[in-house]
Amino acid sequence: MNRLMIVARLRDDAYDEAKTLLLEGPPYDPETAGLEAHSAYLTASEVIFVFDGAEVEWKVNELIDDPSIAVFFAPWEKLIDGTPRLAHEHYHWKRGEEKLGVGLGV
C-alpha cells in the first residue's frame, strides 16, 4: 500500500470554512475510488489530505480529473493560498508490520 498527502496552505481566516467543508466529508466514496483509507487534517494554517491505497497517485489523479467531482473542489480554491504540494511517504511504522522503506527514499 502507498500513501500520498496533499498539503495546502490556507488563506488567512479560512480555518472555519475549511473545517465546515471537511466535516461534510469527501465529494466521492473513498471505497469506490479504490482507496484503502482516507483522512484529512487541519491546522490553523494548512489542510492536509491523506490517501492510502495501491497505485494511490493514479487514483488521486483520476479523482482530480473527474469532472463530476471537480466541481466539489471549487469551494477550496478560495480557501487555498498558492499551489497545493504533494508529500510522499518516506517512513511509516505500524505495530506488527515489517519495516519497509526505511532509508530507501521511497
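The model shown is predicted, which means the values in this text are computed figures rather than measured ones.

1. Some points on the overall build of the protein chain
Along its length, the protein chain carries 3 helices and 4 strands. Ordered by position from N to C terminus, the α and β elements of the protein chain give β-α-β-β-α-α-β. Across its three principal axes, the protein chain shows a C-alpha extent of roughly 40 × 30 × 20 Å. By residue count, 25% of the 106 residues in the protein chain fall in the buried class. A sequence separation of at least 24 residues applies to 72% of the contacts in the protein chain between residues at least 6 apart. Between the centroid of the 10 positive side chains of the protein chain and the centroid of its 20 negative side chains there is a distance of 7 Å.

2. Structural notes on the environment of R95
Within the secondary structure layout, R95 lies in the segment after β4 (85-88). Measuring from C-alpha to C-alpha, the distance between R95 and D29 comes to 28 Å, with 66 residues separating the pair along the chain.

3. Focus on a negative patch on the surface
A surface patch of like charges, here negative, comprises D12, D13, D16 and D81. Examined against the element boundaries, D16 turns out to sit in helix α1 (residues 15-23).

4. Quick word on the sheet that holds strand β3 (residues 46-53)
Note on sheets: strands pair through backbone hydrogen bonds, and any given pair is parallel or antiparallel. An order of β2-β3-β1-β4 is seen for the 4 strands of this open sheet, with the pairing classed as antiparallel. Both outer strands of the open sheet, β2 (37-42) and β4, are each paired with one neighbouring strand and no more. The mean inter-strand angle of the sheet, taken between neighbouring strand axes irrespective of direction, is 20°. Here strand β1 (residues 2-9) runs beside β3; their pairing, made up of 8 bridges, is antiparallel. The residue bridging M5 from the neighbouring strand is V50, located in β3. Sheet contacts for α1: β2 and β3; angle to β2, the most-contacted strand, approximately 160°.

Rules of the game
Residues numbered from 1 in each chain as written. Predicted model: local features only at pLDDT ≥ 70, side-chain atom pairs only at ≥ 80, totals over all residues. Heavy atoms only, no water. Helix = DSSP H or I, 4+ residues; strand = E, 2+ residues; numbered from the N terminus. Buried < 20%, exposed > 50% of the residue type's maximum accessible area, 1.4 Å probe, protein only. Contact = heavy atoms within 4.5 Å. Lys, Arg positive; Asp, Glu negative; His and termini not counted. Charge placed at Lys NZ, Arg CZ, Asp CG, Glu CD. Patch = residues over 30% accessible without salt bridge, like charges linked within 9 Å, V, L, I, M, F, W, Y side chains within 5 Å. Areas by Shrake-Rupley, 256 points an atom, 1.4 Å probe, with all protein chains shown as cover. Salt bridge = Lys/Arg side-chain N within 4 Å of Asp/Glu carboxyl O. Pairing = 2+ DSSP bridges. Axes fitted to C-alpha atoms, helices over the stretch in contact; angles between N-to-C directions.

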